[in-house]
Amino acid sequence: MAVKLKTKHLNGFVGEHELASISPALYAAADTLKNGTGAGNDFTGWVDHPVNYDKEEYARIKAAAEKIKKSCDVFVVIGIGGSYLGARAAIEFVKSPLYNNMKKDTPDIYFAGNTISASATAELLEICRDRDVCINVISKSGTTTEPAIAFRLFRELIEKKYGEEGAKERIFITTDKCRGTLKAFADEKGYETFVVPDDIGGRYSVLTAVGLLPIAVSGADIDAMMKGAADARELMKNAPVEENPALAYAAYRNILYRKGKTTEILAAYEPSFAMMCEWWKQLYGESEGKDGKGIFPASVIFSTDLHSLGQYIQMGMRNLFETVVTFASSRDGIEVPYDPANIDGLNFLASKSLYYVNSMAEAGTVLAHVDGGVPNMMIEIDARDEYNYGYLVYFFEYACGVSGYLLGVNPFDQPGVEAYKKNMFALLGKSGYEEMQVDLIERLNK
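Residues numbered from 1 in each chain as written. Predicted model: local features only at pLDDT ≥ 70, side-chain atom pairs only at ≥ 80, totals over all residues. Heavy atoms only, no water.

Caption draft 1: Highlighting the layout of surface pockets. By volume, the largest pocket is sized at about 880 Å³. Around the largest pocket, the lining is made up of 34 residues, and of these Thr144, Gly202, Glu286, Gln414 and Lys421 lie nearest the centre. Sorting the residues of the lining of the largest pocket by element identifies helix H6 (145–167), helix H11 (274–288) and helix H15 (418–428) as the ones contributing at least two each. Counting residues per element, the lining of the largest pocket draws most heavily on H15, which supplies three residues. When its residues are assigned to classes, the lining of the largest pocket shows 12 nonpolar, 13 polar and nine charged. Put simply, the second largest pocket is a space of about 480 Å³. Together, 18 residues line the second largest pocket, and Glu270, Ser330, Asp332, Tyr355 and Asn358 are the ones closest to its centre. (1 Å grid on protein atoms, 1.4 Å probe; cavity = no way out; pocket = protein on both sides within 12 Å on 5 of 7 lines; lining within 4 Å. Points joined across faces, edges and corners; volume = space filled by probe spheres on them. Helix = DSSP H or I, 4+ residues; strand = E, 2+ residues; numbered from the N terminus. Nonpolar A, V, L, I, M, F, W, Y, C, P; charged D, E, K, R; others polar.)

Next comes the structure, spelled out in C-alpha cells:
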C-alpha cells in the first residue's frame, strides 16, 4: 500500500465499538458508490477511469505535451477550481513549489483564470510579453467568468505575437466533447481539443485531460501516475475496512463529526504539499458542504503555521481534528552542519538530517495536540513521486465519495456555488438580471 492510514492517536477519542457500529452504514455507502446507485451517480466515471480512460486521447495528450515543451518558454494553464488545482498540486508535489525557478528542460508553467485580480493578471501578461507562449484553456462550458476573461486576454496576446494561424499551434482547449460555446469556438478556430468527461465532475477530474496535459508538460511521468491510481482503485473497491485506508478514513472522520468535531485540518510538513491541501479543500468542501451538513476543511503547513495557528490548535475550541500527511522518506540528504562557535546552541543537531529534524518536529507536535484534546490521524505516503500522487488522489476521491454518502448528501453536485455568480452577473449588468441588480444595489447602499 502506497498510502497507509495510522489511527493510534485516535485512542481515547474513538473506541473500537464505534468503528464496528458504523461499519454497516459504511459498507452500504461504499456499495452505493461502487455500484453507481446513489445520488449523483451520473458523475462517478472517475471510479473506474484509471483503467477505462480513452487510450487514443491519452496518446494525444503525450504528443501535445512534447509539442508544447519544444515550442514555448511559458505554458499558461487557464482554469479555476478543479480545472487547475489538481494539476498545480501535482507539479508542486512531484517537482517542486519552486518549479519555475529550477534548472529544467521544460517550460515555466503559470496558472491564470483563477482570479479576477487586475494586478495578478497584468503581472502574468508582462511575464509572457517577450517569451514564447502556449496556453491551455480548461472549461466545460467556456462561459465561466474568470477563465473566460483570462482566455480573451491571453488569446489577444498570442494572436498579436504569432497571428491567427500561428495561434492555432499554441492554443489547446480542454472542454466538453461536443457541446458548449468553447467547443464550438475551438472547432471554428482549428485549436486542438481534449475532453472534460461528461461523467466526471471538475474536482474529481485531475487524472483526465484536465490535469494530465499540464502535468505532462512539466515532465512528470503520467504513466506512473495512472498506475498509482489504478492500483489504489483495485484496493479501495475491494478490500474490507481493516485493510482499506479509504474506507477507514471515511469512517473515522464521520465518527468524529458525530462527536462534534466539525472542522478537519489537513496538516503536512512539506511546502510541496500546500497546493495539494488546496485541492483537498475543494474536493471535500464542495462534496460535503450542503444540506446544513459537512466537515469544514482547513489546512496548515507545519512547522511554518505552528508559529501562527499552533496556539489555536493547541488550546482553542475543541471542535476540530487533524489529519497529518507524512512521508516515509525524503529525496534530499541535507544535514545540519557543525558550528564551532555554536552561537545558536544547536550543535546537538549537527550531522542530523533535516528530514529527521522535521520528523521529530512532526512527532512532538502530534503528541502535544493529542494531549491538548485534538484527535489525530496520520496518512503516510511512501514518497513524493508520480506513482504516489496518483495513488493519493484516488485514495482521497474514493474516501470522499463514501464519506459523502455516509453523511447523507450527494457528494457530486455543488448547487450552492451558483449563488455568488448570479449576484455578480446582476451587479455587472448582465442582460436578464435587471431586477436583481436593483435589489442588490439597494441592499449594498443601506
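Caption draft 2: Focus on the sheet that holds strand E1 (residues 3–6). Strand order in the open sheet formed by five strands is E1-E10-E9-E7-E8, and the pairing between neighbours is mixed. Each edge of the sheet is formed by a strand with only one pairing partner; in this case those strands are E1 and strand E8 (296–301). Within the sheet, the average angular offset between the axes of one strand and its neighbour, ignoring direction, is 20°. Bridging between strand E7 (residues 263–268) and E8 involves six bridges; their strand directions are parallel. What sits directly across from Glu264, in E8, is Pro297. (Pairing = 2+ DSSP bridges. Axes fitted to C-alpha atoms, helices over the stretch in contact; angles between N-to-C directions.)

Caption draft 3: Here's a closer look at the sheet that holds strand E3 (residues 108–112). Spatial strand order, E3-E2-E4-E5-E6: five strands in an open sheet with parallel pairing. Of all strands in the sheet, those with a lone pairing partner are E3 and strand E6 (192–195), marking the two edges. Between one strand and the next, the sheet's axes are offset by a mean angle of 20°, whatever the strand orientation. Judged from the five bridges that link them, strand E2 (residues 74–78) and E3 form a sheet pairing that is parallel.

Caption draft 4: Quick look at the environment of Pro147. Structurally, the position occupied by Pro147 is in helix H6. Residue classification places Pro147 among the buried residues on the basis of a relative accessible area of 3%. With sequence-adjacent residues up to four places away left out, Pro147 is seen in contact with Ile78, Gly79, Ile80 and Gly113. (Buried < 20%, exposed > 50% of the residue type's maximum accessible area, 1.4 Å probe, protein only. Contact = heavy atoms within 4.5 Å.)

Caption draft 5: Region of interest: the packing of helix H8 (residues 209–217) against helix H9 (residues 222–238). Following both chains from N to C, one finds H8 and H9 inclined at 140°, their axes separated by 10 Å at the closest point. With respect to each other, H8 and H9 are oriented oblique. In contact with Leu212, Ile215 and Ala216 of H8, H9 contributes Ile222, Met225 and Met226. Considered class by class, the residues forming the contact of H8 with H9 number six nonpolar, no polar and no charged. (Parallel < 35°, antiparallel > 145°, perpendicular 65-115°, else oblique.)

Caption draft 6: Fine view of a nonpolar patch on the surface. A surface patch of nonpolar side chains, amounting to about 230 Å² of accessible area, comprises Ile116, Ile149 and Leu153. With respect to the element layout, Ile149 can be found in helix H6. In this structure Ile149 comes out as partly exposed when scored by relative accessible area, which is 38%. (Patch = residues over 30% accessible without salt bridge, like charges linked within 9 Å, V, L, I, M, F, W, Y side chains within 5 Å. Areas by Shrake-Rupley, 256 points an atom, 1.4 Å probe, with all protein chains shown as cover. Salt bridge = Lys/Arg side-chain N within 4 Å of Asp/Glu carboxyl O.)

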